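Below, each chain spelled out in residue letters.
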Amino acid sequence: MKAGSNLEKVLSAGHFALTSELGPPKGNDIGVIRKKVDFLRGNVDAVNVTDNQTAIVRMSSIAACSFVIQMGMEPVMQMVCRDRNRIAMQSDIFGASALGIHNIVCLTGDHHMFGNQVNAKNVHDLDSVQLIDMVRNMRDNHTLLGGEDKIEGDINMFIGGAANPFADPFEFRALRAAKKAAAGMDFIQTQCIYDMNRFREWMRMMRDLGVHEKVHILAGITPMKSAGMARYMAKNVSGIIIPDALIDRMAKAQKGADEGIKICVEQIQELREIEGVHGIHLMAIEWEHMVGRIAEEAGLLPRPQVA
């Protein structure tokens, strides 16, 4: 065990993992966190706590993760390179580890122009690959970036990263994931998948590079609520490809939400058959109350209990 987190134990034991996502409140109302945790508890192995996603100011991921632990769930702390330099990053990792947070996902971060602080300055002192390497070095070598200053205590972190199999140039996407694996990534969560053929091709390239043997790959899934949501995402969300056939299917459905869940369950069943896929990252954006239903219909409940 590198960190001893529940997520690491589930994956190491060979179980098909299931993680989800929780967006912290746009303020200090912990009731928002409690409500989402109540929907997710027992239905997933761990929950990602986002770090000011889409550059919208929210409660810090570290603080929200601490509340998630108190509420009886295991968090996966996200950390973006957009808002911190290496001093702040290492300091926050110290604090997170001391609070009992043992999973981290290292991300670049959405550009600030997408958010509500358009006059902010991006930091990007490190990129996501360098951040992964820094956390690995803190954990395995007990030193700060640079390798000279020793750390007091143990930084037990199960290190994750992200991948977008649908971004351009496509032929470099697997190579970038391999670079993160070489930097010390233990697991990877992908952008939400709708184009299964392209994802299969990406997974083929990942297997050719041997990445599936070095890291645990969790395939990203986002259930569509309506045909309008499908059209919006296809047109406006960078790095997402939604085939016309899926949009047409949503448009013809009597109840778009039910059809979206049905498609989601079908995708999960198909992904379970792809060599190298070790789990699902279910991003039910502000639809946490549907995670249990999706997990049950996909045959992913009950979740494994690993000692």
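The structure this text deals with has already been given above.
Residues numbered from 1 in each chain as written. Predicted model: local features only at pLDDT ≥ 70, side-chain atom pairs only at ≥ 80, totals over all residues. Heavy atoms only, no water.

Asker: Can you help me understand the overall build of the protein in this one?
Answerer: Scanning the protein from N- to C-terminus turns up 11 helices and 8 strands. Its C-alpha atoms put the protein at 60 × 45 × 45 Å along the principal axes. For the protein, with 307 residues in total, the buried portion stands at 54%. A separation threshold of at least 6 residues defines the contact pool for the protein, and within that pool the share at least 24 residues apart is 79%. Only carbon and sulfur atoms are counted for the fraction: they give 48% of the accessible area of the protein, which is about 13600 Å². (Helix = DSSP H or I, 4+ residues; strand = E, 2+ residues; numbered from the N terminus. Buried < 20%, exposed > 50% of the residue type's maximum accessible area, 1.4 Å probe, protein only. Contact = heavy atoms within 4.5 Å. Areas by Shrake-Rupley, 256 points an atom, 1.4 Å probe, with all protein chains shown as cover.)

Asker: Before we go on, may I ask you to explain a nonpolar patch on the surface in this structure?
Answerer: Taken together, the side chains of Phe172, Leu175 and Leu209 define a hydrophobic patch exposed on the protein surface, amounting to about 270 Å² of accessible area. Secondary-structure assignment places leucine 209 in helix α7 (residues 196-209). Look at leucine 209 and you get partly exposed, because its relative accessible area is 36%. (Patch = residues over 30% accessible without salt bridge, like charges linked within 9 Å, V, L, I, M, F, W, Y side chains within 5 Å. Salt bridge = Lys/Arg side-chain N within 4 Å of Asp/Glu carboxyl O.)

Asker: It is not clear to me how the packing of helix α8 (residues 227-236) against helix α9 (residues 244-252) should be interpreted in this structure. Could you clarify?
Answerer: Running from N to C, α8 and α9 cross one another at 155 degrees; their axes reach a closest spacing of 8 Å. Regarding the angle of α8 to α9, the classification is roughly antiparallel. As for how α8 packs across α9, the hand of that crossing is left-handed. In this structure, α8 uses Ala227, Ala230, Arg231 and Ala234 to contact α9, whose residues at the interface are Ile247, Met250 and Ala251. Each residue belonging to the contact of α8 with α9 can be placed in one class, and the counts come to 6 nonpolar, no polar and 1 charged. (Axes fitted to C-alpha atoms, helices over the stretch in contact; angles between N-to-C directions. Parallel < 35°, antiparallel > 145°, perpendicular 65-115°, else oblique. Left-handed = near helix turned anticlockwise from the far one by under 90°. Nonpolar A, V, L, I, M, F, W, Y, C, P; charged D, E, K, R; others polar.)

Asker: Would you mind going over the packing of aromatic side chains with me for this structure?
Answerer: The relative placement of two aromatic rings is captured by the distance of their centres and the angle of their planes. Counted by the stated rule, this structure contains 2 aromatic pairs. Ring centres of phenylalanine 158 and phenylalanine 187 lie 5.0 Å apart, and the angle between their planes is 25 degrees; on these two criteria the pair is classed as stacked. Residue phenylalanine 158 is located in strand β5 (residues 158-163), and its partner phenylalanine 187 is located in strand β6 (residues 187-192); the two are separated by 29 residues in the primary sequence. Of the two residues examined, phenylalanine 158 and phenylalanine 187, each falls in the buried class. Of note, arginine 272 hangs over the ring of phenylalanine 16, and the distance from its end group to the ring centre comes to 5.0 Å. (Phe/Tyr/Trp six-rings, centres within 6.5 Å; stacked < 30°, edge-to-face > 60°. Lys NZ or Arg CZ within 6 Å of the ring centre and 35° of its normal.)

Asker: Quick question: what am I supposed to make of the sheet that holds strand β4 (residues 103-107) here?
Answerer: Hydrogen bonding along the main chain pairs the strands of a sheet, whether they run parallel or antiparallel. Here we have 8 strands rolled up into a closed barrel, ordered β1-β2-β3-β4-β5-β6-β7-β8, and parallel in their pairing. Between one strand axis and the next, the sheet turns through 30 degrees on average, direction left out of account. Sheet topology places β5 next to β6; 4 bridges connect them, and they run parallel. Along β6, the bridge assignment pairs alanine 163 with threonine 190. Relative to strand β7 (residues 216-221), helix α10 (residues 256-271) is tilted by about 160 degrees, and along the sheet it contacts β7 and β8 (277-282). (Pairing = 2+ DSSP bridges.)

Asker: In this structure, what is going on with the side chain of aspartate 195? I would like to understand it.
Answerer: Topologically, aspartate 195 is positioned in the loop between β6 and α7. In terms of polar contacts, aspartate 195 uses its side chain to reach the backbone amide nitrogen of asparagine 197, at 3.4 Å. Not counting the four nearest positions on each side in its chain, aspartate 195 is found in contact with Phe166, Ile241 and Pro243. (Polar contact = N/O pair within 3.5 Å; in protein donor to acceptor, adjacent residues only side chain to side chain.)

Asker: Help me understand helix α3 (residues 61-70), please; the structure alone is not making it clear to me.
Answerer: Since one α-helical turn is 3.6 residues long, residues separated by three or four positions face the same way. Ser61, Ile62, Ala64, Cys65, Ser66 and Val68 are the residues of α3 that are buried. Contacts made by the buried residues of α3 are with β1 (17-22), α2 (30-40), β2 (46-49), β3 (75-80) and α4 (86-98).

Asker: Looking at this structure, how should I read the pattern of salt bridges?
Answerer: It is possible for side chains bearing opposite charge to pair when their charged atoms get close. Applying the stated criterion across every chain, the model contains 21 salt bridges. Residues participating in the shared-partner salt-bridge network are Lys2, Arg139, Asp140 and Asp186.

Asker: In this structure, what is going on with unusual backbone geometry? I would like to understand it.
Answerer: Among all residues except glycine, the phi angle is most often negative; among peptide bonds, the trans geometry is most common. Note the cis peptide between aspartate 168 and proline 169, where omega equals -5 degrees. As for its placement among the helices and strands, proline 169 is situated in the loop between β5 and α6 (173-183). Look at the link from leucine 301 to proline 302: it is a cis peptide, with omega at -5 degrees. Of note in the backbone geometry, glutamate 286 takes a positive phi value of approximately 50 degrees without being a glycine. Residue class for glutamate 286 comes out partly exposed when judged on its relative accessible area of 46%.

Asker: Help me understand the packing of α2 against α3, please; the structure alone is not making it clear to me.
Answerer: Following both chains from N to C, one finds α2 and α3 inclined at 50 degrees, their axes separated by 10 Å at the closest point. Considering their axes alone, α2 and α3 lie oblique with respect to each other. Handedness of the crossing formed by α2 with α3: right-handed. Note on element contacts: α3 touches α2 through Ala64, Phe67 and Val68, opposite Ile30, Ile33 and Val37. Tallied by class, the residues present in the contact of α2 with α3 amount to 6 nonpolar, no polar and no charged.

Asker: It is not clear to me how the nonpolar core should be interpreted in this structure. Could you clarify?
Answerer: Soluble, globular proteins show a tendency: their nonpolar side chains are buried together. Within the largest apolar cluster, 74 residues are counted, with the highest numbers of intra-cluster contacts made by Ile104, Phe199, Trp202, Leu271 and Ile280. What tryptophan 202 contacts, discounting residues up to four positions off in sequence, is Ala163, Pro165, Phe170, Arg173, Ala174, Ala177, Thr190 and Ile217. Core analysis: the second largest hydrophobic core is formed by 14 residues, Ile240, Leu246, Met250 and Ile263 among them. (Core = buried A, V, L, I, M, F, W, Y, C linked by side-chain atoms within 4.5 Å.)

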